[in-house]
Amino acid sequence: MHTRIALLLFLIISISGLSQEKKVLTHEDYDLWKMIQNPQISGSGDLIVTEVTTTTGRGDGYLKIFNKKTGKSAQFHNGYRANISANEEHVFFLRKPDYEVTRQEKKEDVKKEKQSKDDFFIFDIKAHVLTDSIARVKSFKAPEEYSGWVLIEKLKDLKPEKEKDSAKLEEKSKDSLKADKNLALEADYALVYDLKSGNSDTIFQIKEFKIAENEPALYFSKTKGEKKGDIGVFEFDLRNHSQQVIDTGRFAYEKLSVSKHGDQMAYVSARDSIETDSLKFELFHLQEGKLSQVTDTLGKNLRKNWELSAAQAPFFSENGKRLYYYSRPSRNFDIDTTLLEEEIPDVDVWTYKDKLIQPEQKVNLKELENKAYLSYLNTETKKVVPLHDDKLEYIDLDKDAEQRYVLGYTTSPYDVSRSWRYPWLRDFYIVDTETGEKRLALKETAARPELSPDGKYAIYFDTESQDWWVLNLEKNEKRNLTAGLEVPFYDVENDVPAAPWAYGNGGFTEDGKALLFDQYDIWMADLDKSSQPENITENGRENKIVYRSLRLNPENRDEASYFKNRLLINAFDKKDKTESLFLLNPKNGKKEAILDPEGMILYGYLLAEDANSLLYRKENFTTYPDLYLYEGRTGNSIKLTNANPQQKDFKWGTSEAFSWKAYDGTELEGIIYKPDNFDPDKQYPLITYFYEKRSDNLNNYYSPQPSASIVNMSYLVSNDYVVFVPDIIYTEGKPGESAYNCIVSGVEAVEELGYIDPENMAIQGQSWGGYQVAYLVTKTDKFAAAMAGAPVSNMTSAYGGIRWGSGLSRAFQYEKTQSRIGKNLWEGLDLYLENSPLFGIPEIETPLLMMHNDEDGAVPYYQGIEMFMGMRRLNKPAWLLVYNNEAHNLRKMKNRQDLSIRMMQFFDHYLKDEPAPVWMTQGVPAVMKGKDLQYDLEDE
């Protein structure tokens with residue numbers, strides 16, 4: 001009897017243990033993971049809205065609305081693009097169709113216009129219910145500072161399906177008088193929805209609309225259709241629900257703009273024209289109900305031989321006293337109209353005197369074609385002031401566009417040298433916006449000055465003196481702010497050949513003082529006085545804590561944020577890589593910790609306008625960064641989301657800090673990731689990933705998701721890999737040797753811990769990390785496998801290459817930035833050769849998998865090809881994955897999924913003795929591409 005009972009208990013315990021056993025992550029699990037997007041908090045802090053969507057986009061999500069006052073939450077399937085009404089009585093949102101519905105429609109080749117579309121919903125906060133919905137909605141817009149209505153853009157209605165016997169009837173009716181068109185079937189239209197009554201007014205043929213920010217005002221244009229011309233510009237009277245004509249009878253109406261209070265509006269318009277690509281635009285201004293023409297095609301309020309630009313919209317200053325518009329010199333190309341298109345040669349002409357090389361011109365062609373310059377109309381005096389021209393190409397206005405002094409700059413004298421020099425240089429001028437007068441302030445500088453809120457000063461970091469300076473805009477006088485301080489304000493860990501940048505600044509305080517960062521602390525500088533800046537955080541350097549003030553106002557990022565009348569300060573502890581949030585009184589330096597989660601990092605702060613409620617997220621390697629609300633009045637936090645409850649069912653791991661000494665004695669930091677149920681007596685396969693310095697990421701969370709280019713830490717530890725991530729410190733001219741010094745020494749230090757299988761170790765990196773993978777396998781056979789994404793293999797050819805994404809020459813990277821050679825190709829040829837993996841291919845014994853995509857905009861695609869062809873020639877085991885029409889890092893989810901599968905099959909084969917997949921043993925012939933992915937394992 002006792003034996004039976006004991007056996008029964010054993011079976012029950014065994015079955016219970018099996019049922020609770022955690023699952024190992026697979027590639028099929030990626031779609032389970034959700035991410036939080038677009039969180040919002042209302043002005044009072046009482047309402048929070050956030051989207052939760054799948055990380056892969058393959059599946060459905062939801063919208064969550066939380067009411068702090070009532071404690072109630074509402075959740076809506078596939079809701080997104082939410083907006084909280086200004087009076088906080090409603091939440092508007094769209095609902096996208098179910099993923100599987102859309103997928104099936106695509107599979108069945110349903111016409112795009114007939115596929116399922118978004119629906120619009122209105123949620124009543126007080127009643128806690130949906131009050132209305134509208135189908136087939138394109139978008140919507142609610143006023144920012146007032147409530148009562150919302151404008152909804154509707155997709156055109158679907159035409160009813162024709163009956164089969166209606167063909168004859170249709171034929172008979174051809175000669176009869178046409179009935180009035182149903183405009184809802186012809187084009188998209190708009191609904192002006194009254195929230196009080198639930199009724200809506202329809203605006204057909206709408207082209208563009210603008211809603212005033214502070215006062216009820218709605219302006220819009222209407223069109224007959226593409227290339228048919230426009231109908232006019234109108235105002236919608238929100239009180240009388242009527243449309244009033246502002247202007248009509250011209251061919252085109254573009255770029256509507258409205259003042260903050262809605263009492264003024266502007267637009268550009270063109271008369272009728274046969275050639276729509278040669279329209280001549282004019283600027284119109286509506287003020288106090290009167291329409292006036294600001295510019296015309298004859299040159300009114302324009303410089304001689306200049307024309308209005310319609311590529312940019314006019315805009316008003318915050319106070320409405322200035323109407324800004326763009327103009328440019330008239331262009332008259334000498335075009336031979338006698339030639340046919342097939343007779344015009346297709347050629348790019350490169351010259352050594354081009355300021356921008358041809359690829360950069362191509363990338364920026366639209367911007368170059370549309371380049372124009374600001375002037376403004378004083379809406380009170382009607383005086384026009386031109387602010388800059390092609391001799392001063394750029395101008396930086398203050399956020400309200402109403403200060404007297406602003407800064408403009410030119411890059412023209414230094415454009416040619418941008419190909420090899422860095423930082424890029426500019427000449428800055430002080431522009432008097434009342435007169436248009438310009439004075440040279442900073443010449444040949446890498447500085448990027450920031451205007452103070454009062455418009456009296458600009459602060460900037462000078463890379464030559466390595467100090468912060470202040471520029472008095474009225475007097476054009478400069479003063480060094482930090483010269484007398486013993487602490488450096490430049491990046492003391494900089495290891496690229498270019499001069500180090502500053503640690504940055506934290507914006508301006510409420511009384512206009514500048515907040516400057518050193519490596520650890522925050523210094524407050526009075527711009528009006530010649531006194532030295534004051535260290536207001538005091539103990540950062542002593543305690544190895546990095547203090548940084550936050551700038552959370554989306555409308556004014558120059559402004560330091562306050563909470564309960566004190567500065568909000570983020571504190572990152574360099575010792576344990578955790579973060580806290582403090583309130584700081586800058587007058588006496590007193591700090592109060594309001595968020596101090598153990599073993600976590602903080603980010604994603606959103607501050608309510610009343611500055612008493614704060615959204616934030618916290619995470620570590622095992623904790624997904626859900627959304628939290630901190631309530632300043634109570635000091636309590638509320639967890640608002642639980643985006644990934646399924647994680648508890650999966651095997652995960654831990655992250656640990658690790659330190660060692662490089663071969664040259666340099667002390668280094670890194671991270672070791674270990675699987676759950678780690679057994680120090682076992683030996684685990686090791687994958688080492690690296691890119692510059694990553695040790696500060698000790699507490700980062702990694703969602704299991706398809707890879708854009710690198711290994712996924714969560715996936716690896718779940719599958720019983722140990723992962724090592726070492727920091728790398730570089731010596732100028734020796735990037736490859738520096739990588740070896742730091743990475744290989746680190747791997748050996750990890751091996752000494754005793755739980756790594758020395759026969760089953762691999763390395764992986766992307767881009768700069770991919771280069772180092774390719775270099776390391778030419779110097780050591782320590783690794784059983786290696787994967788390099790977008791590696792530079794030949795620095796001599798890469799030096800003269802192009803970053804196709806930006807059109808820039810790559811030379812500056814080698815001479816001044818990440819590639820760290822520090823010399824040009826001819827002065828340092830030996831360095832380029834010794835750091836190029838291509839020339840070490842005969843020494844390679846490690847199987848190498850590469851990815852290099854044919855639209856890589858950062859590292860030229862041929863670099864991967866050079867490496868592959870060299871290894872193929874010498875019969876070295878190598879594979880190259882080329883994703884078509886893909887960038888430096890993969891963008892398309894289907895390709896990310898494919899890379900994740902192939903990369904892990906490769907590592908599993910070499911590090912775990914798993915069977916090789918067919919694509920590794922037999923390849924994927926071109927005739928099989930897209931038909932058979934060859935994932936099957938050979939033993940199967």
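No experiment lies behind these values; they were computed from the predicted model shown.

J.: Lay out the overall build of the protein in plain terms, naming residues and giving numbers.
T.: Scanning the protein from N- to C-terminus turns up 16 helices and 56 strands. For 940 residues, the compact-globule estimate of 2.2 N^0.38 gives 30 Å, and the protein sits close to it at 32 Å. By residue count, 52% of the 940 residues in the protein fall in the buried class. Expressed as a percentage of contacts within the protein between residues at least 6 apart in sequence, the contacts between residues at least 24 apart total 56%. When the accessible surface of the protein is split by element, carbon and sulfur atoms take 48% of a total near 45,800 Å². In the protein, which carries 120 positive and 151 negative side-chain charges, the distance between the mean positions of the two groups comes to 4 Å.

J.: Pulling in residues and values, what's your account of helix 14 (residues 862-873)?
T.: In a regular helix each residue adds 1.5 Å, so 12 residues correspond to 16 Å; helix 14 covers 16 Å between its end C-alpha atoms and thus fits that length. Every buried residue of helix 14 is listed here: Q863, G864, M867, F868, G870 and M871. With its buried residues spanning 160° around the axis, helix 14 presents them on a single face. Every exposed residue of helix 14 that faces more than 90 degrees away from the buried side is listed here: R872 and R873. Each element contacted by the buried residues of helix 14 is listed here: helix 10 (768-776), helix 11 (795-799), strand 55 (848-851) and strand 56 (878-881). Trailing helix 14 by a residue or two, N875 shows a phi angle of about 60°, which is positive.

J.: Give a detailed account of a negative patch on the surface, specifying residues and quantitative values.
T.: On the surface, E144, E145, E555 and E609 cluster together to form a negatively charged patch. Considering the arrangement of structural elements, one finds E145 in the loop between strand 9 (137-141) and strand 10 (149-154).

J.: Give a detailed account of helix 9 (residues 735-751), specifying residues and quantitative values.
T.: Here helix 9 contains 17 residues, and its C-alpha end-to-end distance of 24 Å stays within 8% of the 24 Å for a straight helix at 1.5 Å per residue. By the criterion of burial, helix 9 is predominantly enclosed, with 13 of the 17 residues buried.

J.: So what's going on with the environment of D188? Which residues, and what values?
T.: Its location among the elements puts D188 in the loop between helix 4 (183-186) and strand 11 (189-194). Owing to a relative accessible area of 26%, D188 belongs among the partly exposed residues under this scheme. Note: C-alpha distance between D188 and D157 (31 residues apart in sequence) is 7.8 Å. Here D188 is in contact with K138, K154, L155, K156, Q205 and I206, once residues within four sequence places are set aside. Only 2.9 Å separates the side chain of D188 from the backbone nitrogen of K156, close enough to count as a polar contact.

J.: Describe in detail the packing of helix 9 against helix 10, supporting the description with residues and values.
T.: Between helix 9 and helix 10, the shortest axis-to-axis distance is 10 Å and the interhelical angle comes to 85°. Considered as vectors, helix 9 and helix 10 are oriented roughly perpendicular to each other. On helix 10, the residues that touch P735, G736, E737, A739, Y740, I743 and V744 of helix 9 are W768, Y771, Q772, Y775 and L776. When its residues are assigned to classes, the contact of helix 9 with helix 10 shows nine nonpolar, two polar and one charged.

J.: Any details on the packing of aromatic side chains? Residues and values, ideally.
T.: Summed over the entire model, instances satisfying the criterion amount to 49 aromatic pairs. Seen in terms of ring centroids, F92 and F120 are 6.2 Å apart; in terms of plane orientation they differ by 20°. Their pairing is stacked. Taken together, the residues F92 in strand 6 (residues 90-95) and F120 in strand 7 (residues 119-124) connect sequence positions 28 residues apart. Put simply, the rings of W33, Y624, F650, W652 and Y701 pair up and form one aromatic cluster. We note R303 situated over the ring of W306; from NZ or CZ to the ring centre the distance is 3.9 Å.

J.: Describe the pairing of strand 16 (residues 242-248), and please don't skip the residues or the numbers.
T.: The side chains of a regular strand alternate, residue by residue, between the two faces of the sheet. Bridge count for strand 15 (residues 229-237) against strand 16 is six bridges, and the pairing is antiparallel. Within strand 16, the position partnered with F234 by the bridge is V245. What sits between the antiparallel neighbours strand 15 and strand 16 is a turn of four residues, in which H241 has the positive phi angle 55°.

J.: Explain the sheet that holds strand 3 (residues 62-67) to me, using residue names and the numbers behind them.
T.: One open sheet accounts for four strands, arranged 1-2-3-4; its pairing is antiparallel. What marks the edges here is a single partner per strand, and that holds for strand 1 (34-41) and strand 4 (73-77). When strand polarity is set aside, the average angle formed by the axes of neighbouring strands in this sheet is 20°. Inspection of the sheet shows strand 2 (residues 47-54) paired to strand 3 by six bridges, in the antiparallel sense. Across the sheet, E51 pairs through a bridge with L63, a residue of strand 3.

J.: So what's going on with the sheet that holds strand 16? Residues and values would help.
T.: The antiparallel open sheet is built from four strands, whose spatial order is 13-14-15-16. A single partner strand is all that each edge strand has here, and the edge strands are strand 13 (206-211) and strand 16. Strand-to-strand twist of the sheet, defined as the mean angle between neighbouring strand axes without regard to direction, takes the value 25°.

J.: Lay out unusual backbone geometry in plain terms, naming residues and giving numbers.
T.: The amide bond that connects Y422 to the next residue, P423, takes the cis arrangement and shows omega of 5°. As for its position among the elements, P423 is in the loop between strand 27 (405-410) and strand 28 (426-432). With a phi angle near 60°, E88 is a residue other than glycine that sits in the positive phi range. For E88, the position within the fold is in the loop between strand 5 (79-84) and strand 6. Located in the positive-phi region is A401, a residue other than glycine, with phi close to 55°. With respect to the secondary-structure elements, A401 resides in the loop between strand 26 (394-396) and strand 27. By relative accessible area, A401 is classed as buried at 4%.

J.: Could you give me a rundown of empty space enclosed by the protein, with the residues and numbers involved?
T.: Within the structure shown, the criterion is met by two cavities of 30 Å³ or more. Taken as a whole, the largest cavity spans an internal volume of roughly 60 Å³. In terms of residue class, the lining of the largest cavity is built from six nonpolar, five polar and no charged. What the second largest cavity holds in volume is close to 30 Å³.

J.: Residues and numbers for the side chain of S707, please.
T.: With respect to the element layout, S707 can be found in the loop between strand 49 (684-689) and helix 8 (713-718). What makes S707 buried here is its relative accessible area of 6%. At 2.9 Å, the side chain of S707 and the backbone nitrogen of S709 are in polar contact.

J.: Help me get a handle on a nonpolar patch on the surface, residues and values and all.
T.: Together, L829, L833 and F839 make up an exposed nonpolar region whose accessible area comes to about 260 Å². Take L833: it is sitting in helix 13 (residues 829-834). By relative accessible area, L833 is classed as partly exposed at 36%.

J.: Describe the nonpolar core, naming the residues involved and giving the relevant values.
T.: One finds F724, I763, Y814, L848 and M867 to be the most contacted residues of the largest nonpolar core, which totals 53 residues. The element best represented in this core is helix 9, accounting for seven residues. In contact with Y814, not counting residues within four places along its chain, are V792, M795, A798, Y799, S819, R820, I821, G822, K823 and Y832. L615, L629, Y701 and L849 belong to the second-largest nonpolar core, a separate cluster that totals 51 residues.

About the criteria used
Residues numbered from 1 in each chain as written. Predicted model: local features only at pLDDT ≥ 70, side-chain atom pairs only at ≥ 80, totals over all residues. Heavy atoms only, no water. Helix = DSSP H or I, 4+ residues; strand = E, 2+ residues; numbered from the N terminus. Rg over C-alpha atoms; globule rule 2.2 N^0.38 Å. Buried < 20%, exposed > 50% of the residue type's maximum accessible area, 1.4 Å probe, protein only. Contact = heavy atoms within 4.5 Å. Areas by Shrake-Rupley, 256 points an atom, 1.4 Å probe, with all protein chains shown as cover. Lys, Arg positive; Asp, Glu negative; His and termini not counted. Charge placed at Lys NZ, Arg CZ, Asp CG, Glu CD. Expected span 1.5 Å × (residues − 1). Arc of directions from axis to C-beta. Patch = residues over 30% accessible without salt bridge, like charges linked within 9 Å, V, L, I, M, F, W, Y side chains within 5 Å. Salt bridge = Lys/Arg side-chain N within 4 Å of Asp/Glu carboxyl O. Polar contact = N/O pair within 3.5 Å; in protein donor to acceptor, adjacent residues only side chain to side chain. Axes fitted to C-alpha atoms, helices over the stretch in contact; angles between N-to-C directions. Parallel < 35°, antiparallel > 145°, perpendicular 65-115°, else oblique. Nonpolar A, V, L, I, M, F, W, Y, C, P; charged D, E, K, R; others polar. Phe/Tyr/Trp six-rings, centres within 6.5 Å; stacked < 30°, edge-to-face > 60°. Lys NZ or Arg CZ within 6 Å of the ring centre and 35° of its normal. Pairing = 2+ DSSP bridges. 1 Å grid on protein atoms, 1.4 Å probe; cavity = no way out; pocket = protein on both sides within 12 Å on 5 of 7 lines; lining within 4 Å. Points joined across faces, edges and corners; volume = space filled by probe spheres on them. Core = buried A, V, L, I, M, F, W, Y, C linked by side-chain atoms within 4.5 Å.

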